[in-house]
Each structure stands twice: as structure tokens, then as C-alpha cells.
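In case you want the letters, here they are:
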Amino acid sequence: MRTDTRLRIARPTEQLERVVRFYREGLGWRVLDAFQGHEGVDGVMVGLPGALFHLEFTRARDRGGRAPAAEHLLVFYLPDEEEWLASVDRMLAAGYTAVPASNPYWDRNGLTFQDPDGYRVVLENSGSA
């Protein structure tokens with residue numbers, strides 16, 4: 001596999017609009033694409049234009065998503081302190097509150113936020129990935 005391979009992480013949700021709001025307003029991402037009624041499924045892709053990764057959230061009319069565990073994490077390594085602080089401030093301004101991490105390692109150099117489905121996003125600031 002090449003280093004320029006694009007990555008899409010896809011997961012179901014029963015709260016499509018609320019989850020998209022979390023990633024748009026909290027992380028400052030954009031809606032990259034969306035679809036409705038594709039074989040009974042609606043979906044929204046969010047991310048940063050030009051990035052090699054993005055998230056796809058889907059809502060199926062006849063089946064829901066499963067509840068996550070506290071260790072289901074998306075970890076973003078933000079070694080620049082100003083960028084990290086801006087990211088944290090954006091989350092707080094959007095109305096999201098940091099939650100204690102299940103693993104205290106993440107609390108030492110970062111903050112963890114929980115999306116409406118219970119999945120967690122860690123904004124980490126130690127600089128080591």
C-alpha cells in the first residue's frame with residue numbers, strides 16, 4: 001500500500017444530523033459529499049478538502065448502529081500548541097465538553113470529546129504519534 005492511499009472510515013449512526021454537526025462545528029471539518037436513499041441508506045462524508053482521510057456516516061432506515069465502547073477513539077496528533085488550543089477552543093465554542101478518557105494516558109497530553117453516538121475524539125498535544 002502506498003503512503004498516498006486515501007482512507008475512509010465509515011460507520012452507522014442513528015443521529016446523522018447531530019453527528020455531522022459535531023465534526024463540522026467541533027472539529028471545523030466540511031461536508032465533502034452526501035447522498036440520500038441509496039438502497040435505503042442516507043450518508044454524509046465529512047473531512048478536510050485535500051486530506052487523505054475522511055469519515056462517512058450512514059443512517060439506514062431499517063437498522064441502527066451499535067453502541068461504542070469508551071476505547072473507540074479517533075486520535076488527532078496536533079503537536080503545534082496553537083493549533084491544538086484552537087481545536088480545543090472550537091470544540092468548546094460549539095458546546096462540547098471534554099470527558100475523562102477511559103485510558104488516563106490520553107488525559108496527560110490531550111483532551112477527549114464524545115460525539116452524539118458516544119464515539120470519542122482525542123485532541124492530543126504531545127507531538128508523538
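Rules used in this analysis
Residues numbered from 1 in each chain as written. Predicted model: local features only at pLDDT ≥ 70, side-chain atom pairs only at ≥ 80, totals over all residues. Heavy atoms only, no water. Helix = DSSP H or I, 4+ residues; strand = E, 2+ residues; numbered from the N terminus. Buried < 20%, exposed > 50% of the residue type's maximum accessible area, 1.4 Å probe, protein only. Pairing = 2+ DSSP bridges. Contact = heavy atoms within 4.5 Å. Axes fitted to C-alpha atoms, helices over the stretch in contact; angles between N-to-C directions. Patch = residues over 30% accessible without salt bridge, like charges linked within 9 Å, V, L, I, M, F, W, Y side chains within 5 Å. Areas by Shrake-Rupley, 256 points an atom, 1.4 Å probe, with all protein chains shown as cover. Salt bridge = Lys/Arg side-chain N within 4 Å of Asp/Glu carboxyl O. Lys, Arg positive; Asp, Glu negative; His and termini not counted. Charge placed at Lys NZ, Arg CZ, Asp CG, Glu CD. Expected span 1.5 Å × (residues − 1). Arc of directions from axis to C-beta. Polar contact = N/O pair within 3.5 Å; in protein donor to acceptor, adjacent residues only side chain to side chain.

Caption draft 1: Here's a closer look at unusual backbone geometry. Unlike most non-glycine residues, glutamate 39 shows phi in positive territory, near 55°. Within the secondary structure layout, glutamate 39 lies in the loop between strand E2 (30–38) and strand E3 (41–47). The exposure class of glutamate 39 is exposed, given its relative accessible area of 72%.

Caption draft 2: Quick look at the sheet that holds strand E6 (residues 98–99). Strand order in the open sheet formed by four strands is E5-E8-E7-E6, with mixed pairing between adjacent strands. Edge positions in the sheet fall to strand E5 (73–77) and E6, since each has one partner strand and no second. Sheet strands touched by helix H2 (residues 81–93): strand E7 (110–114) and strand E8 (120–124). Its angle to E7, the strand with the most contacts, is close to 30°.

Caption draft 3: Quick look at a negative patch on the surface. On the surface, Asp80, Glu81, Glu82 and Glu83 cluster together to form a negatively charged patch. With respect to the element layout, glutamate 81 can be found in helix H2.

Caption draft 4: Region of interest: H2. Here H2 spans 18 Å end to end across 13 residues, near enough to the 18 Å set by a 1.5 Å rise per residue. Taken residue by residue, H2 has Trp84, Ser87, Val88 and Met91 as its buried positions. When H2 is viewed along its axis, its buried side chains cluster within an angular range of 95° and face the same direction. Set apart from the buried face of H2 by more than 90 degrees, the exposed residues are Glu82 and Ala93. Where H2 is buried, its residues contact helix H1 (16–26), E7 and E8. A distance of 3.1 Å separates the backbone nitrogen of glutamate 82 from a side-chain oxygen at the start of H2, and that oxygen is part of aspartate 80. The positive-phi residue at the C-terminal boundary of H2 is glycine 95, with phi of around 95°.

Caption draft 5: Highlighting the side chain of glutamate 124. With respect to the helices, strands and loops of the structure, glutamate 124 is situated in strand E8. A polar contact of 2.6 Å, which involves the side chain of glutamate 124, links it to the side chain of serine 126. When near neighbours in sequence (up to four residues on either side) are disregarded, glutamate 124 contacts Val75, Phe76, Tyr77, Leu78, Trp84, Tyr105, Trp106, Asn109 and Gly110.

Honestly, that's just the spatial picture; any functional story needs more than this.
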